[in-house]
Amino acid sequence: MEFLQDAPQLAHPYRRDRLLCSLLDRTLPMERRAALDIDLDALGDYAQLAWRRLASSTRRKPVLTQWDAWGHRVDRIELTAAWQEGPQLTTRHAVLAAGHEASEYARLEQFARVYLYHLASEFYTCPLAMTDGAATALKASGNHALIERALPHFLSRDPATFWLSGQWMTENAGGSDVGRTETVARQDSHGQWRLYGRKWFSSAVVGEAALALARPEGAGTGTAALALFYVETMEGERRKPELQIDRLKDKLGTHELPTAEIHLRGLPAWPLGELAHGVRQVAPMLNITRSWNAICAVASMARAISLARDYATRRQAFGRPLIEQPLHAQTLADMQAEFEGAFALAFEVTHLLGRVEQGIAAPHEAALLRLLTPLAKLWTGKLAVKLCSEALECFGGAGYIEDTGLPQLLRDAQVYAIWEGTTNVLSLDSLRALGGDGPDALRQAVTTWLSGNDDMHAASAIQHVLDAATRWLNTHAQQRNPLEAGARGLAITLARCA
Ligand code: MFK
Ligand code: FAD
């Protein structure tokens, strides 16, 4: 009989995830832990089902139809099955709404759901992240009319009323440097603001709303002159004619996610707050989507390692299963160690976020959250690519073959480091955060951690890194160029240390 290799099987992503289960067991009060179990179990089941479905599916890209047979502009997008199931699953298991409950654990519990749902969702988590960010930015704006209008949709637990929001920032002239935004906001004769311009990347183009940066007509140049607007995209069942989808991007990965180039031709818009400092107003959104990015990057690592570990028990080489080859086992162990550090950091951010949002965090925890958010995003983004690449190699040639479903892991992982602020931009953002109480906050966190921990060796190593970082920051405080040139090295060091 000819030899046939067993395919890797996906262990239950929730019940077999030692890290997630032990984090939740030791952090959550018993009743909350028990209540959460049902959703996590169901999302884990869905993830397993989606992995099996991957093997038999054919079409993996959304399709845009711009015109109907009679010449009407329709801009209709057909979505993949997972995307069509997205609103049902999200609302049934409160993937988004749970994060806005009044509990310090709300964010941790929400992100446990996100972690399990992400890969099965085929990056439906991308617009979910932006919707969560929009809800958070709206709350921070204190704009009661918009809060009453949009939040019941964004946080809905009913698919019939659930809305997605986009985040329209990037333009041709600048994605990192949004101060170069060319989109103009102009008031019509009725005093209604309308947006005119082109947004170069819009990932939730099927959403019902968006937050968009635009320059009020006559305002000056640069970042501070930008305003932040809320827009709606649909008129009943039809897309508003003032929003045109030019085309869907042909991307390296995230194929199921419809990322579009769009034109705004007078789309009605409402300012969230003052008609300036739009980036300051959108910052709460950025920090939320960056937390999602970190958790989703960690979810990609978990998937890659889980499959590689399983395969190592099924594949034989040189007379024994790969898992019994010392060097292969060591390779997997090294991957696991890096993954566990990233997991701990990303989930620490979500726990801090919950405490800060509920107003129960100590001041040093708020400063710590501000610093750890970019660090977690930038470090997990890079690590996901490295670990997914390593995991593919664990399958040998099979890891390079499309219909194993494995190459997609690597292609998709590449996006984590690019969107929501590239590694460099986030390294510079960490400098922004370090300019405040960042170093002291880290130091205080270490002291607090030490009081419940007797690992003196780790503590002194961390203190040593913090001392070196503080000395370096002080030395270069007045020299912007060397400070920026070293920002990535500093950020990665601090992230690993954290
Ligand atoms: C599946 C995983 C889920 C992920 C989904 C993601 C979907 C993808 C969607 C996108 O990619 S959306 C586009 C994301 N774009 C970016 O992230 C932009 C990247 N560029 C930056 O982050 C720049 O640093 C930034 C545009 C924010 C600012 O650059 P500037 O022009 O140099 O502005 P400036 O003057 O430094 O900052 C303006 C204000 O914002 C300042 O406050 P003040 O007005 O009070 O002085 C800053 O302190 C504040 N700020 C900036 N970043 C902040 C922040 N405040 C809090 N937190 C931050 N992170
Ligand atoms: P640039 O800003 O031109 O950056 C080019 C390079 O220069 C990068 O390596 C960057 O790190 C580096 N760089 C820039 N400034 C500095 C500096 N000061 N110091 C050192 N290095 C620097 N955007 C949205 O608004 N909404 C969306 O829905 C959305 N969806 C996306 C979906 C996908 C799949 C992708 C790939 C992108 C999406 N984006 C979206 C855009 C994304 O946020 C931007 O591509 C990203 O912020 C980078 O901007 P840019 O492409 O203009 O690159």
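Residues numbered from 1 in each chain as written. Chains lettered and ligands numbered in written order. Predicted model: local features only at pLDDT ≥ 70, side-chain atom pairs only at ≥ 80, totals over all residues.

Draft legend 1. Quick peek at the nonpolar core. Counting 139 residues, the largest nonpolar core has F229, V298 and M301 as its most contacted members. With near-sequence residues (within four places) excluded, M301 lies in contact with F339, A342, L383, A384 and L387. (Core = buried A, V, L, I, M, F, W, Y, C linked by C-beta atoms within 7 Å. Buried ≥ 20, exposed ≤ 12 C-beta atoms within 10 Å, placed from the backbone. Contact = placed C-beta atoms within 7 Å.)

Draft legend 2. Examining the site of ligand 1 more closely. Taken together, 29 residues surround ligand 1, and among them A129, T223, A283, W419 and G421 come closest. For the shell around ligand 1, the elements supplying multiple residues, two or more each, are helix 5 (125-141), helix 7 (278-314) and helix 11 (423-434). Ranked by residue count, the leading element in the shell around ligand 1 is helix 7, at nine residues. Grouping the constituent residues of the shell around ligand 1 by class yields 13 nonpolar, 12 polar and four charged. Split by domain, the residues of the shell around ligand 1 number at least three in each of domain 1 (18-58 + 93-122 + 280-421) and domain 2 (165-276). (Near = placed C-beta within 6 Å. Helix = DSSP H or I, 4+ residues; strand = E, 2+ residues; numbered from the N terminus. Nonpolar A, V, L, I, M, F, W, Y, C, P; charged D, E, K, R; others polar. Domains from an automatic or database assignment.)

Draft legend 3. Here's a closer look at the site of ligand 2. Taken together, 23 residues are adjacent to ligand 2, and G175, S176, F201, S203 and T422 come closest. Breaking the shell around ligand 2 down by element, the ones donating at least two residues are strand 3 (165-168), strand 5 (193-202) and helix 11. By residue class, the composition of the shell around ligand 2 is eight nonpolar, 13 polar and two charged.

Draft legend 4. Broad picture of the environment of L211. With respect to the helices and strands, the residue L211 is situated in strand 6 (residues 209-216). For L211, a count of 27 C-beta atoms within 10 Å gives the class buried. When the C-alpha positions of L211 and S389 are compared, they lie 35 Å apart, and in sequence the two are 178 residues distant. Those residues in contact with L211, other than ones at most four positions away along the chain, are A134, A137, S165, Q167, L228, Y230, V282 and M285.

Draft legend 5. Seen up close, the environment of L322. The topology assignment puts L322 in the loop between strand 13 (320-321) and helix 8 (326-357). Taking the C-alpha atoms as reference points, L322 and R309, 13 residues apart in sequence, are found 9.3 Å from one another. Discounting chain neighbours no more than four positions away, the residues touching L322 are A312, R315, A317 and H328.

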